[in-house]
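Each chain is listed here by its residues.
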Amino acid sequence: MGDAEQTAFVNALHSMKQTPAGSGISVYDTFVKIHADAMDDHTGHHGHGGGANPAQAHMVPTFLPWHRQFIWEFETTLLAHDNTGLLTGLPYWNWALDQGPGSGPWGVNFLGGNGNPDNSNIVETGPFSPNSNWFLYDDPNEPLVRDFSQHFGLGTTTDIWRAMQVGQYDAAPWDPSASIHESFRNHLEGWGEDGPLLHNLGHVWVGGTMSDVSEAPFDPVFWMHHAFVDLIWSEWQLLYGLDNYLPEDMALMGFGADDLLWEFGVLIGDTFDFSQYDGIGYEYESTTIVPEPSAYALMFGSIALLWAVRRRRSRGNVLFRGPC
Ligand SMILES: [Cu+2]
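How each quantity is defined
- Residues numbered from 1 in each chain as written.
- Predicted model: local features only at pLDDT ≥ 70, side-chain atom pairs only at ≥ 80, totals over all residues.
- Helix = DSSP H or I, 4+ residues; strand = E, 2+ residues; numbered from the N terminus.
- Buried ≥ 20, exposed ≤ 12 C-beta atoms within 10 Å, placed from the backbone.
- Expected span 1.5 Å × (residues − 1).
- Contact = placed C-beta atoms within 7 Å.
- Core = buried A, V, L, I, M, F, W, Y, C linked by C-beta atoms within 7 Å.
- pLDDT = per-residue confidence, 0-100.
- Axes fitted to C-alpha atoms, helices over the stretch in contact; angles between N-to-C directions.
- Parallel < 35°, antiparallel > 145°, perpendicular 65-115°, else oblique.
- Left-handed = near helix turned anticlockwise from the far one by under 90°.
- Nonpolar A, V, L, I, M, F, W, Y, C, P; charged D, E, K, R; others polar.

Topic: the overall build of the chain
Scanning the chain for helices and strands turns up nine helices and six strands. Expressed as a percentage of its 324 residues, the buried residues of the chain come to 41%.

Below is the structure:
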C-alpha cells in the first residue's frame, strides 16, 4: 500500500466514525457493536447453544464464514466512505511477514504504534490517538490501547503451513476443544492446547483493545488482521475445495451450510465462494499454492514480486485486497 492509499484508508475510517448511524452511534461503532453482541445468542445467553439464533462468531464452525461476511460488509461501507477512489478493498496485515513493532500497519501515518507503557498503554502515536478523537462508543473517555506482547510471538509461515495440512474443515465437538489436527477451523482460530495460535495470537500479541473480544474491532488493525485470516481460509479452500465445510446439515443445529448467519441474513453456504460475493466478489493479491515449509517461507518472502504481477490484472468489478 502506498502512502496515499494508507491516508485514504485512515480518512475513510474516520469518516465512518464521524457519520451517525440510525442507532445513535456512528457507522463505524455499529460494526464494533455487532461484534460485541455476537457473543450472545438471541436469548441473551452467552456462548453457543441450540437456540434458533445461536452465537456464530467465535469458537464454532461458523467462525470463518461469520467474519468473512462481517469484514465484507465493513469493506463495502469503507469503500463508500473513500472519496479518493484509491481504495480497492481492505488491506491485510501479513503478520507472518511483518512481525516487528515498526513494520506492517504500525506507521505514524497509518495505524500508529504500540501504546505508551507509562500511560496505561494508550496509543498516543498516529491518527487513532485521543488527539484524533478516537474513543470507544459506549465510553467516550476510553481511548485505543495496545500492549505488544513480550511473551508471545506472532504466527509464522511454518505455523500457517501446519494449519494448511489439516484437510478437514472442522471436527466434533465443534468448539475450542476440537483437535487442531482434525479441525482446520480450530487450528486457524487458534485454540491450541499449548497456547494461542494464528488468529488468537494476533489478538493476544497486539494486546489491549484487540485482546478484548467485546472491543477488538475498535482497533482498526482488527480488519486487517481478519482480512489475513480470511486470506488463509481462502487459500485452504483453493487447496481442498470451496464447499469443503463441516458440520453436515443437522449435525449441529444452526451451523449447517443451509442455516442462516442470522445477524447478516445470508446463508452460511453463501459465504464459501469469495469470487461470487453479493454479485461482486473479491480476490487477494498474492494468492499462492502451498508448497513445502522451507519453500513456503521463501514464497512469502518473495511475494512482492507476485503482487507486482497481479497488480497489472484488470480489476473489473472485483474488490481487491492487498497487503497493508
Ligand atoms: Cu471476532
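Structure shown, so let's carry the discussion forward.
Observations regarding helix α3 (residues 63-80)
With 18 residues, α3 should cover 26 Å at 1.5 Å per step; its first-to-last C-alpha distance of 26 Å lies within 8% of that length. Buried residues in α3 make contact with α1 (3-18), α2 (27-37), α5 (184-189), α7 (221-240), β3 (260-261) and β4 (266-267).

Details of the nonpolar core
In terms of nonpolar packing, the biggest core is built from 76 residues, with Tyr-92, Met-224, Ala-227, Phe-228 and Ile-232 touching the most fellow members. For this core, the element with the highest residue contribution is α7, accounting for 11 residues. Sequence-distant contacts of Met-224, that is, excluding residues within four places in its chain, are made with Leu-90, Pro-91, Tyr-92, Trp-93, Pro-105 and Cys-324.

Focus: α7
Between its first and last C-alpha atoms α7 spans 29 Å; for 20 residues at 1.5 Å apiece the expected length is 28 Å, and the two agree. Counting buried positions over the 20 residues of α7 gives 15, a clear majority of the element. The positive-phi residue at the C-terminal boundary of α7 is Gly-241, with phi of around 115 degrees.

With respect to the environment of Thr-76
Relative to the helices and strands, Thr-76 is located in helix α3. With 16 C-beta atoms packed within 10 Å, Thr-76 lands in the partly exposed category. With 243 residues separating them in the primary sequence, Thr-76 and Leu-319 have C-alpha atoms 8.9 Å apart.

Quick look at the confidence of the model for the chain
In the predicted model, the chain carries a mean pLDDT of 88, and 86% of its residues have values of at least 70. Looking at the elements of the chain, mean pLDDT is at its lowest for helix α9 (residues 303-311), recorded as 36, and at its highest for α5, recorded as 98. For residues 301-315, every residue scores under 50 in pLDDT, and the model assigns this stretch 11 contacts once sequence neighbours within four places are set aside.

Quick look at unusual backbone geometry
Between Ala-172 and Pro-173 the backbone carries a cis peptide bond, its omega angle lying at 5 degrees. Summarising the element assignment, Pro-173 is placed in the loop between α4 (157-164) and α5. That bond from Leu-246 to Pro-247 is cis: its omega, 10 degrees, falls within 30 degrees of zero. Mapped onto the secondary structure, Pro-247 falls in the loop between α7 and β3. Positive phi, normally seen in glycine, also occurs at Ser-120, with a value near 55 degrees. Of note, Ser-120 is situated in the loop between α3 and α4. Positive phi, normally seen in glycine, also occurs at Asn-133, with a value near 65 degrees. Relative to the assigned elements, Asn-133 resides in the loop between α3 and α4. Assessed through the 13 C-beta atoms surrounding it within 10 Å, Asn-133 is described here as partly exposed.

Quick look at the environment of Asp-258
Looking at the secondary structure, you find Asp-258 in the loop between α7 and β3. Placed 10 residues apart in sequence, Asp-258 and Ile-268 show a C-alpha to C-alpha distance of 6.3 Å. What Asp-258 contacts, discounting residues up to four positions off in sequence, is Asp-249, Leu-267 and Gly-269.

Thoughts on the packing of α3 against α7
Each pair of packed helices can be summarised by the angle the axes make with each other and by the distance between the axes. One way to put it is that α3 packs onto α7 with a least axis distance of 10 Å and a crossing angle of 130 degrees. Between α3 and α7, the angle is such that the two are oblique. Handedness of the α3/α7 crossing: left-handed. Contacts between α3 and α7 involve Leu-64, His-67, Arg-68, Ile-71 and Phe-74 on the former and, on the latter, Trp-223, His-226, Ala-227, Val-229, Asp-230 and Trp-233. Class assignment for the residues of the contact of α3 with α7 results in seven nonpolar, two polar and two charged.

Focus: the environment of Ala-257
With respect to the helices and strands, Ala-257 occurs in the loop between α7 and β3. Look at Ala-257 and you get partly exposed, because 18 C-beta atoms sit within 10 Å. When the C-alpha atoms of Ala-257 and Phe-272 are compared, they prove to be 9.1 Å apart, with 15 residues separating the residues in sequence. In contact with Ala-257, other than residues within four places in its own chain, are Tyr-245, Asp-249, Ile-268 and Gly-269.

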